[in-house]
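Observations on the three-dimensional arrangement
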Amino acid sequence: MKFSVFNKKIYENAIVCFMVLISIGIFTSLLSTGQIQVTKYLTDSIVSASPSIHSAIRWVSMLFILLLCGTFFKGLNLFYQEKARIQINYNLDKIFLEKNNPKKITKIETPKYQNDLNIARYGFNSISSLSLTFIQLINAVLSMMVYSAIIFNKIWFLPFIVLLLNSPKLLYESTIAVKEFHYIENTTEISRERSVLQNLLLSPSAIKEVLIFTMKPFIFNRWNAVYKRENTESLKFKKQESLKRTGLGIYSNTTLAINQSILIYFVVQKIITIGDYVSLLSAVTMIETSFYGISSYYRQIKQYKITMSKLSTFFTEYSVGDQQDNVSFAQRQIDGAKDIQITDLTFQYSEHQEKALQHIHLNIKSGEKIAVVGGNGSGKSTLVKLLCGLHSVDKNTIFFNGIDITEIHPEQYFSYFSIVTQDFIKYPFSLKENIALTDHVNLEKIGSIKENYPFLLPNIDLDTLLGYEYTGSRQLSGGQWQKIALARALYKNSDVLILDEATSALDPESEYGLIDNLIQHESDKTIFFVTHRLNLCPLFDRIIVMKDGHILENGPHHQLLQLKGNYYKMYNSQQIKEEKYEPVRATV
Ligand SMILES: Nc1ncnc2c1ncn2[C@@H]1O[C@H](COP(=O)(O)OP(=O)(O)OP(=O)(O)O)[C@@H](O)[C@H]1O
């Protein structure tokens, strides 16, 4: 999506509101002109040599009607401003969610992404307020022209003096805009830290640990310290801004005094009447107010420019745009067996000193069932995430059916994979939506999952809302949720299925049943089973043993046992432990 289109989309369905607001602005300027003229006539009628009560009442009534109209337009203006704001905010959120389109998680799982996301979101707010102040700008320019014309009629050079004296305000607003953005950039991490800590104190999932570990004072004190640090930063910035604004205020008072002196001089010289003095002084004040509106708009334009360049960088850095996709990747024909070949694959997380994977070589035949084992942090999850295309890899390292995966469009590549990780999502949707993740649920597919894996789905209505987020929803146990995540992966029915410690919460019977049934029913699927429970490994065609990012051993169960290496030790130590505790269990 190009930025010109993006700009147009911001105002979608808000144009009518803008037209109404501009019309209100025109009417309000005309009303103000009328008020100034009537004030002049009223003052002149009171201070004339023979003041007339009737004429004064006539002007007061006229002024009253004009003020009533002004109040009516003010109310209308407020409503349409809110209407436009609501529509623009909706448009902005929609554009943001549509454009935020990452295809890899490599850069996403970093603090930098979260900081940049915060700054981008802040920028969006400035676009929203800029759109509305655009109307105020038009109104301000209109008013300034009308008031300048009124003054020009009486003292031709005065409007130029007023404008000249006010112009330094633009410069001031421009520096404020840049400083404000830098302030947001510098404080985004601390404000994120505060909200993370606040969430720990409020979110239902964290509260149980907060209670059991009686850690509220620990988190609360940390939240308190972070909040105070954030406030100090904020006050420092606000103090500088207030000082500058006070300076600007003093400057404005001085300019008003200068203009007032000029007007008094003209009254003393009897060039203008007292009524003229009153009306011209209010016109000068109105110009100054309009100028304030224009300069604050100028500040927002500056911020808008910074925002747009930040957003452009954000979307190009983290999202693959549609256009870029088409240029980089042609749709590849990938038919038949989906063999996977890994050649000298090395991978390092940007936030990490050590390499997570080093010189991995693997050949996997389509339909193979592979168990991946190894100690914590040995690189198992990284390997399977790289396999399914979640991270960017170097060219010529992973081949899918003979094609370098860097040449396959990520969306096409993802279509061949299903993955269940340890941190799967518990969607606050109905049971059937949790499985299908679509509005168009294929009940037959769910039926066949129920048939082949009868222990997988809870015995509740498919329309039951799950979780504890919404009224009437039903919470499930950890294992039941995990089974639903597994059902989701089976529903996708992809060529490659990755289970990354995806059965850790299942009871042993369900776990064995699942693996056994997978091997029976999904003979054509390639399956990767990352596990710490080695007793299921004999069911697999091959076992890959990992340590410190390397593949240490790779082969069928019996072959690895004969090697008497790492797998042999790991497998036996689990068996021994089970035997050791067997008598204890027997006596219970
Ligand atoms: N998103 C990440 N950013 C930075 N480093 C990471 C990230 N994920 C994993 N690592 C690091 O990469 C290494 C391998 O981690 P990985 O999750 O692949 O191990 P694992 O074998 O799956 O471990 P476990 O059995 O504990 O799940 C670890 O040292 C870990 O600290």
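Residues numbered from 1 in each chain as written. Predicted model: local features only at pLDDT ≥ 70, side-chain atom pairs only at ≥ 80, totals over all residues.

**Section: the overall build of the protein chain**
Defined as follows: Per the convention used, a helix needs a DSSP run of H or I reaching at least four residues, while a strand needs a run of E reaching at least two, with both numbered from the N terminus. Radius of gyration means the value over C-alpha atoms here, while the globule rule gives 2.2 Å times the residue count to the 0.38 power. Partly exposed residues are those whose C-beta has more than 12 but fewer than 20 other C-beta atoms within 10 Å; 20 or more makes a residue buried and 12 or fewer makes it exposed, with C-beta atoms placed from the backbone. A pair of residues counts as a contact when their C-beta atoms, built from backbone coordinates, are separated by no more than 7 Å.
Each helix and strand counted, the protein chain has 18 helices and ten strands in total. Since a compact globule built from 588 residues should have a radius of gyration of about 25 Å, the 35 Å found for the protein chain marks it as more spread out than a globular shape. Projected onto its principal axes, the C-alpha positions of the protein chain cover 120 × 55 × 50 Å. Here the protein chain holds 588 residues, and the buried ones make up 26% of them. Relative to all contacts within the protein chain whose residues are 6 or more apart in sequence, the contacts with residues 24 or more apart total 75%.

**Observations regarding the environment of Leu497**
For Leu497, the position within the fold is in strand 7 (residues 496-500). Note on Leu497: 24 C-beta atoms within 10 Å, which makes it buried. Considering only alpha carbons, one finds Leu497 and Phe528, 31 residues apart in sequence, at a separation of 6.4 Å. Excluding its chain neighbours within four sequence positions, the residues that come into contact with Leu497 are Ser418, Ala489, Glu522, Lys525 and Ile527.

**Looking at the sheet that holds strand 9 (residues 542-547)**
Rules: Each pair of strands is called paired provided DSSP finds at least two bridges between the two strands. Only the stretch in contact is used when fitting a helix axis, every axis being a line fitted to C-alpha atoms; angles between N-to-C directions are given from 0 to 180 degrees.
If you trace the six strands from one edge of the open sheet to the other, you get 6-7-8-3-9-10, paired in mixed fashion. Each of the sheet's edge strands pairs with one partner strand only, and the pair in question is strand 6 (417-420) and strand 10 (550-555). Neighbour-to-neighbour, the strand axes of the sheet open up by a mean angle of 15°, direction not taken into account.

**Topic: the nonpolar core**
To keep things clear, this is the line we draw: Nonpolar cores are built from buried Ala, Val, Leu, Ile, Met, Phe, Trp, Tyr and Cys residues. These are joined into a set through C-beta atoms within 7 Å. Residue ranges for the domains originate in an automatic or database domain assignment.
Formed by 61 residues in total, the largest nonpolar core has its most connected members in Val372, Ile498, Phe528, Phe529 and Ile543. Considering every element that reaches this core, the biggest residue donor is helix 15 (residues 478-492), with seven residues. There are two domains that each give this core at least three residues, and those are domain 2 (334-416 + 498-514 + 524-588) and domain 3 (423-493). Apart from the residues lying within four places of it in its own chain, the contact partners of Ile498 are Val384, Cys388, Phe417, Ser418, Ile419 and Phe528. Ranked by size, the runner-up nonpolar core spans 18 residues in total, among them Ala140, Ile151, Ile294 and Tyr297.

**Details of the pairing of strand 9**
Within a regular strand, side chains alternate between the sheet's two faces. Taken together, the five bridges between strand 3 (residues 369-374) and strand 9 define a ladder with parallel strand orientation. Residue Val372 lies in a different strand from strand 9, and its bridge partner there is Ile544. Two strands pair when backbone bridges link them, and strand 9 and strand 10 are joined in this way by five bridges, in the antiparallel orientation. Each bridged residue has a counterpart across the sheet, and for Met546 the counterpart in strand 10 is Ile551. Between strand 9 and strand 10, which follow one another and run antiparallel, lie two residues, and Asp548 among them has a positive phi close to 45°.

**Remarks on helix 6 (residues 168-202)**
Stated precisely, the cut-off is as follows: Here the expected span of a helix is defined as 1.5 Å times the quantity of residues minus one.
For helix 6, with 35 residues, the first-to-last C-alpha span of 48 Å sits near the 51 Å given by 1.5 Å per residue. Every buried residue belonging to helix 6 is among Lys169, Glu173, Ile176, Ala177, Arg194 and Leu200, and all of these are buried. For helix 6, the secondary structure elements touched by its buried residues are helix 5 (158-166), helix 7 (204-212), helix 8 (216-268) and helix 9 (274-318).

**So, the UniProt feature "domain: ABC transmembrane type-1" (unreviewed entry) in the protein chain**
Defined as follows: UniProt positions are given in the numbering used here, feature names are shortened, and annotations may be inferred rather than shown by experiment.
The UniProt feature table records "domain: ABC transmembrane type-1" (unreviewed entry) at residues 20-303. Spanning residues 20-303, this segment combines 90% helix with 0% strand, and its end C-alpha atoms are found 26 Å apart.

**Some words on the environment of Thr526**
In this fold, Thr526 is placed in strand 8 (residues 526-530). Between the C-alpha atoms of Thr526 and Asn186, which are 340 residues apart in sequence, the distance is 47 Å. Once residues lying within four places of it in the same chain are set aside, the contact partners of Thr526 are Lys338, Ile364, Ser366, Gly367, Glu368, Asp495 and Val496.

**Section: the UniProt feature "transmembrane region" (unreviewed entry) in the protein chain**
According to UniProt, the feature "transmembrane region" (unreviewed entry) maps to residues 12-36 and 56-80 in the numbering used here. Annotation note: span residues 12-36, helix share 88%, strand share 0%, distance between end C-alpha atoms 38 Å. The annotated region residues 56-80 carries 100% helix and 0% strand content, and the separation between its end C-alpha atoms amounts to 36 Å.

**As for the domain arrangement of the protein chain**
Partitioning the protein chain into domains gives domain 1 (104-321), domain 2 (334-416 + 498-514 + 524-588) and domain 3 (423-493). Its C-alpha centre places domain 2 at a distance of 26 Å from the equivalent point of domain 3. In this assembly, seven residues from domain 2 lie in contact with eight residues from domain 3.

**Looking at the sheet that holds strand 2 (residues 357-364)**
With antiparallel pairing, the four strands of this open sheet are ordered in space as 2-1-4-5. Since the sheet does not close on itself, it has two edges, and those belong to strand 2 and strand 5 (403-404), each with one partner. The pairing of strand 1 (residues 340-347) with strand 2 spans five bridges and is classified as antiparallel. Counted as the bridge partner of Leu345 is Ile360 from strand 2. Against the sheet, helix 11 (residues 380-387) contacts strand 1, strand 2 and strand 4 (398-400), and its axis sits at roughly 125° relative to strand 1.

**A few points about unusual backbone geometry**
The phi angle at His359 is positive, at roughly 45°, despite the residue not being glycine. Relative to the assigned elements, His359 resides in strand 2. In this model, Asn401 sits at a positive phi of 55°, which is unusual for a non-glycine residue. Along the chain, Asn401 falls in the loop between strand 4 and strand 5.

**Structural notes on the site of the ligand**
Under the convention used in this document: In this text, near has one meaning. A residue is near a molecule or strand if its C-beta atom, placed using the backbone, is within 6 Å of it. Charged means Asp, Glu, Lys or Arg here, nonpolar means Ala, Val, Leu, Ile, Met, Phe, Trp, Tyr, Cys or Pro, and polar covers whatever is left, Gly included.
Taken together, the neighbourhood of the ligand is formed by 13 residues, with Tyr349, Asn376, Lys380, Ser381 and Thr382 sitting nearest. With three residues, the top contributor of residues to the shell around the ligand is helix 11. Looking at the shell around the ligand residue by residue, the classes come out as two nonpolar, eight polar and three charged.

**Notes on the pairing of strand 8**
Within strand 8, five of the five residues are buried, which leaves the element mostly enclosed by the surrounding structure. A two-sided burial pattern is seen for strand 8, the buried positions comprising Thr526, Phe528 and Val530 on one face and Ile527 and Phe529 on the other. Note that strand 3 and strand 8 share four bridges and pair parallel. Across the sheet, residue Ala371 finds its bridge partner in strand 8, namely Phe529. Pairing analysis gives five bridges linking strand 7 to strand 8, with the strands arranged parallel. Bridge pairing in strand 8 links Asp500 to Val530.

**Topic: the packing of helix 5 against helix 8**
To keep it simple, the criterion reads: Here the word oblique covers every angle except those under 35 degrees (roughly parallel), over 145 (roughly antiparallel) and from 65 to 115 (roughly perpendicular).
Interaxial distance between helix 5 and helix 8 falls to 10 Å at its minimum, and their mutual angle equals 170°. Here helix 8 runs roughly antiparallel to helix 5, going by the angle between their axes. Seen from helix 5, the contacting residues are Leu158, Ile161, Val162, Leu165 and Asn166; seen from helix 8, they are Thr255, Ile258, Asn259 and Ile262. Counted by class, the contact of helix 5 with helix 8 contains six nonpolar, three polar and no charged residues.

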